[in-house]
Amino acid sequence: MAAPLAELDAAAPGELAPDEAALLTERLAPARRQSLLAGRRAAKDALGLLAPELDRRDIRVLPGLFGQPVVMMPGRANVQVTLAHAGAAALALAHPEACPMGVDFERFVPAHLGALREQTTAREREAVRVAMPGEEGQQLLLLWSLKEALSKALRTGLTVPFALLEVNHLSPVPGGVTAQFANFAQYEGIAFAAAPFVAAVARPRLALWRERDGNTLPVRLRDWLGALATLG
(Lines give C-alpha, C1' and ligand atoms only; values in the text may rest on other atoms or scores of the structure.)
Protein backbone atom coordinates (compact mmCIF):
# COMPACT_ATOMS: atom_id res chain seq x y z
CA MET A 1 0.00 0.00 0.00
CA ALA A 2 1.02 3.64 -0.49
CA ALA A 3 -0.63 6.72 1.01
CA PRO A 4 0.37 10.27 1.98
CA LEU A 5 1.48 10.89 5.55
CA ALA A 6 -1.48 13.18 6.27
CA GLU A 7 -3.91 10.40 5.32
CA LEU A 8 -2.06 7.83 7.42
CA ASP A 9 -1.93 10.16 10.44
CA ALA A 10 -5.66 10.89 10.18
CA ALA A 11 -6.48 7.18 10.08
CA ALA A 12 -4.08 6.16 12.87
CA PRO A 13 -6.55 6.44 15.81
CA GLY A 14 -8.80 3.86 14.15
CA GLU A 15 -5.90 1.65 13.09
CA LEU A 16 -3.50 1.43 16.02
CA ALA A 17 -3.72 -0.18 19.44
CA PRO A 18 -2.27 1.96 22.28
CA ASP A 19 1.06 0.11 22.34
CA GLU A 20 1.38 0.55 18.57
CA ALA A 21 0.54 4.26 18.81
CA ALA A 22 3.25 4.62 21.46
CA LEU A 23 5.83 3.86 18.75
CA LEU A 24 4.99 7.19 17.09
CA THR A 25 7.28 9.33 19.22
CA GLU A 26 8.07 12.95 18.44
CA ARG A 27 11.63 11.91 17.60
CA LEU A 28 10.48 10.09 14.49
CA ALA A 29 11.36 11.89 11.27
CA PRO A 30 8.38 12.32 8.89
CA ALA A 31 9.76 9.72 6.45
CA ARG A 32 10.19 7.17 9.25
CA ARG A 33 6.70 7.95 10.62
CA GLN A 34 5.19 7.44 7.17
CA SER A 35 7.07 4.17 6.74
CA LEU A 36 5.90 2.87 10.12
CA LEU A 37 2.26 3.82 9.50
CA ALA A 38 2.26 2.45 5.96
CA GLY A 39 3.74 -0.80 7.24
CA ARG A 40 1.11 -1.17 9.94
CA ARG A 41 -1.68 -0.52 7.47
CA ALA A 42 -0.29 -3.04 5.00
CA ALA A 43 0.18 -5.61 7.78
CA LYS A 44 -3.36 -5.18 9.05
CA ASP A 45 -4.78 -5.38 5.54
CA ALA A 46 -3.01 -8.74 5.10
CA LEU A 47 -3.86 -10.09 8.56
CA GLY A 48 -7.44 -8.86 8.26
CA LEU A 49 -7.97 -11.28 5.38
CA LEU A 50 -7.32 -14.10 7.85
CA ALA A 51 -9.51 -12.62 10.60
CA PRO A 52 -12.12 -10.33 9.01
CA GLU A 53 -14.22 -10.40 12.18
CA LEU A 54 -11.58 -8.50 14.18
CA ASP A 55 -11.36 -4.74 14.64
CA ARG A 56 -8.14 -3.42 13.17
CA ARG A 57 -7.08 -2.14 16.60
CA ASP A 58 -7.32 -5.69 17.94
CA ILE A 59 -4.70 -6.80 15.42
CA ARG A 60 -1.42 -5.69 16.98
CA VAL A 61 1.90 -5.68 15.15
CA LEU A 62 4.81 -4.83 17.43
CA PRO A 63 8.59 -4.94 16.96
CA GLY A 64 10.45 -7.97 18.29
CA LEU A 65 13.92 -7.88 19.83
CA PHE A 66 15.50 -7.74 16.37
CA GLY A 67 12.97 -5.28 14.99
CA GLN A 68 10.97 -8.01 13.24
CA PRO A 69 7.16 -7.67 13.19
CA VAL A 70 5.41 -9.80 15.82
CA VAL A 71 1.66 -10.35 15.54
CA MET A 72 -0.83 -10.62 18.39
CA MET A 73 -4.48 -11.30 17.57
CA PRO A 74 -7.22 -12.52 19.92
CA GLY A 75 -8.34 -16.03 19.08
CA ARG A 76 -5.62 -16.52 16.45
CA ALA A 77 -2.35 -18.20 17.36
CA ASN A 78 0.72 -18.94 15.30
CA VAL A 79 0.05 -16.31 12.65
CA GLN A 80 2.75 -13.88 11.59
CA VAL A 81 3.39 -11.25 8.96
CA THR A 82 6.42 -10.35 6.88
CA LEU A 83 6.91 -6.69 5.96
CA ALA A 84 8.91 -4.64 3.48
CA HIS A 85 9.15 -0.92 2.70
CA ALA A 86 10.34 1.19 -0.21
CA GLY A 87 10.05 4.88 0.45
CA ALA A 88 6.43 5.76 1.25
CA ALA A 89 5.08 2.38 0.12
CA ALA A 90 4.85 -0.85 2.11
CA LEU A 91 4.13 -4.48 1.32
CA ALA A 92 2.98 -7.20 3.75
CA LEU A 93 2.29 -10.94 3.57
CA ALA A 94 0.48 -12.80 6.36
CA HIS A 95 1.34 -16.45 6.88
CA PRO A 96 1.00 -19.25 9.45
CA GLU A 97 4.07 -20.05 11.56
CA ALA A 98 4.03 -23.55 10.06
CA CYS A 99 4.72 -22.06 6.61
CA PRO A 100 7.55 -19.51 7.07
CA MET A 101 7.63 -16.92 4.33
CA GLY A 102 9.49 -13.73 3.56
CA VAL A 103 8.74 -10.71 1.41
CA ASP A 104 10.92 -7.89 0.13
CA PHE A 105 10.17 -4.71 -1.79
CA GLU A 106 12.82 -2.38 -3.20
CA ARG A 107 13.20 0.75 -5.31
CA PHE A 108 16.27 1.07 -7.52
CA VAL A 109 18.73 3.82 -6.63
CA PRO A 110 21.41 4.35 -9.32
CA ALA A 111 24.04 5.19 -6.70
CA HIS A 112 23.66 1.66 -5.29
CA LEU A 113 24.55 -0.12 -8.53
CA GLY A 114 28.16 -0.83 -7.55
CA ALA A 115 27.17 -2.25 -4.17
CA LEU A 116 24.51 -4.44 -5.76
CA ARG A 117 27.06 -5.77 -8.24
CA GLU A 118 29.47 -6.63 -5.42
CA GLN A 119 26.81 -8.73 -3.70
CA THR A 120 26.28 -11.05 -6.67
CA THR A 121 28.32 -13.77 -8.33
CA ALA A 122 29.11 -14.00 -12.04
CA ARG A 123 26.84 -17.06 -12.20
CA GLU A 124 23.94 -15.13 -10.69
CA ARG A 125 24.44 -12.17 -13.02
CA GLU A 126 24.43 -14.42 -16.06
CA ALA A 127 21.33 -16.28 -14.85
CA VAL A 128 19.30 -13.12 -14.32
CA ARG A 129 20.51 -11.62 -17.61
CA VAL A 130 19.11 -14.65 -19.45
CA ALA A 131 15.90 -14.99 -17.42
CA MET A 132 15.00 -11.29 -17.31
CA PRO A 133 16.59 -9.21 -20.09
CA GLY A 134 16.70 -5.49 -19.37
CA GLU A 135 18.53 -2.93 -17.29
CA GLU A 136 21.38 -4.25 -15.15
CA GLY A 137 20.21 -2.26 -12.14
CA GLN A 138 16.79 -3.89 -12.14
CA GLN A 139 18.36 -7.32 -12.63
CA LEU A 140 20.75 -6.91 -9.70
CA LEU A 141 18.05 -5.44 -7.48
CA LEU A 142 15.84 -8.43 -8.24
CA LEU A 143 18.60 -10.76 -7.05
CA TRP A 144 19.03 -8.68 -3.88
CA SER A 145 15.29 -8.75 -3.23
CA LEU A 146 15.08 -12.53 -3.61
CA LYS A 147 17.91 -12.96 -1.11
CA GLU A 148 16.42 -10.57 1.40
CA ALA A 149 13.03 -12.29 1.14
CA LEU A 150 14.76 -15.62 1.82
CA SER A 151 16.61 -14.16 4.81
CA LYS A 152 13.28 -13.07 6.30
CA ALA A 153 11.76 -16.52 5.79
CA LEU A 154 14.80 -17.98 7.57
CA ARG A 155 14.37 -15.44 10.40
CA THR A 156 17.99 -14.33 10.09
CA GLY A 157 17.57 -11.11 8.18
CA LEU A 158 20.71 -9.87 6.48
CA THR A 159 22.92 -10.96 9.38
CA VAL A 160 24.21 -13.94 7.38
CA PRO A 161 26.81 -13.77 4.58
CA PHE A 162 25.10 -12.95 1.29
CA ALA A 163 26.97 -15.85 -0.33
CA LEU A 164 24.92 -18.22 1.84
CA LEU A 165 21.74 -16.90 0.18
CA GLU A 166 23.02 -17.50 -3.35
CA VAL A 167 20.50 -17.89 -6.15
CA ASN A 168 21.48 -20.83 -8.37
CA HIS A 169 18.62 -21.05 -10.87
CA LEU A 170 16.12 -18.62 -12.37
CA SER A 171 13.17 -19.31 -14.67
CA PRO A 172 11.20 -16.57 -16.45
CA VAL A 173 7.51 -16.03 -15.70
CA PRO A 174 5.28 -13.18 -16.93
CA GLY A 175 6.68 -10.01 -15.38
CA GLY A 176 9.44 -11.69 -13.40
CA VAL A 177 11.20 -14.91 -12.43
CA THR A 178 11.03 -17.89 -10.12
CA ALA A 179 14.19 -18.84 -8.23
CA GLN A 180 15.91 -21.70 -6.47
CA PHE A 181 18.62 -21.19 -3.87
CA ALA A 182 21.99 -22.95 -3.74
CA ASN A 183 21.97 -23.68 -0.01
CA PHE A 184 18.25 -23.78 0.76
CA ALA A 185 16.65 -26.17 -1.69
CA GLN A 186 13.57 -26.35 0.54
CA TYR A 187 12.64 -22.77 -0.45
CA GLU A 188 11.51 -21.22 -3.71
CA GLY A 189 11.48 -17.54 -4.62
CA ILE A 190 9.37 -15.52 -7.01
CA ALA A 191 10.08 -11.93 -7.95
CA PHE A 192 8.56 -9.30 -10.21
CA ALA A 193 10.06 -6.13 -11.65
CA ALA A 194 8.38 -2.91 -12.78
CA ALA A 195 10.99 -0.17 -12.94
CA PRO A 196 12.05 1.33 -10.63
CA PHE A 197 10.55 -1.29 -8.25
CA VAL A 198 11.04 -4.98 -7.59
CA ALA A 199 9.23 -7.25 -5.13
CA ALA A 200 10.02 -10.81 -4.09
CA VAL A 201 8.49 -13.60 -2.02
CA ALA A 202 10.28 -16.63 -0.59
CA ARG A 203 8.21 -19.61 0.53
CA PRO A 204 8.66 -23.35 1.18
CA ARG A 205 8.71 -25.24 -2.11
CA LEU A 206 6.03 -27.60 -0.78
CA ALA A 207 3.63 -24.68 -0.28
CA LEU A 208 1.68 -24.22 -3.50
CA TRP A 209 0.60 -20.70 -4.40
CA ARG A 210 -3.02 -20.44 -5.52
CA GLU A 211 -4.77 -17.20 -6.47
CA ARG A 212 -8.54 -17.04 -6.19
CA ASP A 213 -8.81 -17.50 -9.95
CA GLY A 214 -6.59 -20.61 -9.78
CA ASN A 215 -3.47 -18.87 -11.05
CA THR A 216 -0.26 -20.35 -9.64
CA LEU A 217 1.54 -16.96 -9.67
CA PRO A 218 0.89 -14.11 -7.21
CA VAL A 219 -0.59 -11.96 -9.98
CA ARG A 220 -2.02 -9.43 -7.55
CA LEU A 221 1.50 -8.65 -6.39
CA ARG A 222 2.69 -8.29 -9.98
CA ASP A 223 -0.24 -6.03 -10.89
CA TRP A 224 0.15 -3.91 -7.75
CA LEU A 225 3.82 -3.41 -8.52
CA GLY A 226 3.03 -2.36 -12.06
CA ALA A 227 0.40 0.12 -10.89
CA LEU A 228 2.84 1.58 -8.36
CA ALA A 229 5.49 1.97 -11.06
CA THR A 230 3.13 4.14 -13.12
CA LEU A 231 2.98 6.57 -10.19
CA GLY A 232 6.77 6.77 -10.02
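Read on for a plain summary of the structure. Since the structure is predicted, the reported quantities are computational estimates derived from the model, not experimental observations. (Residues numbered from 1 in each chain as written. Predicted model: local features only at pLDDT ≥ 70, side-chain atom pairs only at ≥ 80, totals over all residues. Heavy atoms only, no water.)

## Description of the pattern of salt bridges
Across all of its chains, the model carries 17 salt bridges by this definition. Between Glu15 and Arg41 there is a salt bridge; the shortest N-O distance is 3.9 Å. One end of the pair, Glu15, is in helix H1 (residues 5–15); the other, Arg41, is in helix H3 (residues 30–50), and 26 residues separate them in sequence. Of the two residues examined, Glu15 and Arg41, each falls in the buried class. (Salt bridge = Lys/Arg side-chain N within 4 Å of Asp/Glu carboxyl O. Helix = DSSP H or I, 4+ residues; strand = E, 2+ residues; numbered from the N terminus. Buried < 20%, exposed > 50% of the residue type's maximum accessible area, 1.4 Å probe, protein only.)

## Some points on empty space enclosed by the protein
As enumerated under the stated definition, the model contains one cavity of 30 Å³ or more in all. There is about 50 Å³ of room inside the largest cavity. What lines the largest cavity is Leu8, Ala12, Glu15, Leu16, Leu37, Arg40 and Arg41. Elements that contribute at least two residues to the lining of the largest cavity include exactly H1 and H3. Residue composition of the lining of the largest cavity, by class: four nonpolar, no polar and three charged. (1 Å grid on protein atoms, 1.4 Å probe; cavity = no way out; pocket = protein on both sides within 12 Å on 5 of 7 lines; lining within 4 Å. Points joined across faces, edges and corners; volume = space filled by probe spheres on them. Nonpolar A, V, L, I, M, F, W, Y, C, P; charged D, E, K, R; others polar.)

## Structural notes on H1
Every buried residue of H1 is accounted for by Leu8, Ala12 and Glu15. The buried residues of H1 occupy one face: seen down the axis, they fall within an arc of 80°. For H1, the exposed residues set more than 90 degrees away from the buried face come down to Ala6, Ala10 and Pro13. Structurally, H1 contributes buried residues whose contacts are with helix H2 (18–21) and H3. (Arc of directions from axis to C-beta. Contact = heavy atoms within 4.5 Å.)

## So, the sheet that holds strand E9 (residues 197–204)
Neighbouring strands of a sheet are bound in pairs by backbone hydrogen bonds; such pairs are parallel or else antiparallel. A sheet is described by the order of its strands in space; here five strands give the open sequence E5-E9-E8-E7-E6, paired in antiparallel fashion. Strands with a single pairing partner mark the edges of an open sheet, and in this sheet they are strand E5 (102–107) and strand E6 (167–173). The sheet shows a mean angle of 20° between the axes of neighbouring strands, direction not considered. Relative to E9, E5 is paired through six bridges, and the arrangement is antiparallel. If you follow Phe105 over to E9, its bridge partner there is Ala199. Along the sheet, helix H5 (residues 122–131) contacts E6 and strand E7 (176–181); its crossing angle with E6, the most-contacted strand, is approximately 5°. Across the sheet, helix H6 (residues 136–153) is in contact with E5, E6, E7, strand E8 (187–194) and E9; its angle to E5 comes to roughly 150°. (Pairing = 2+ DSSP bridges. Axes fitted to C-alpha atoms, helices over the stretch in contact; angles between N-to-C directions.)

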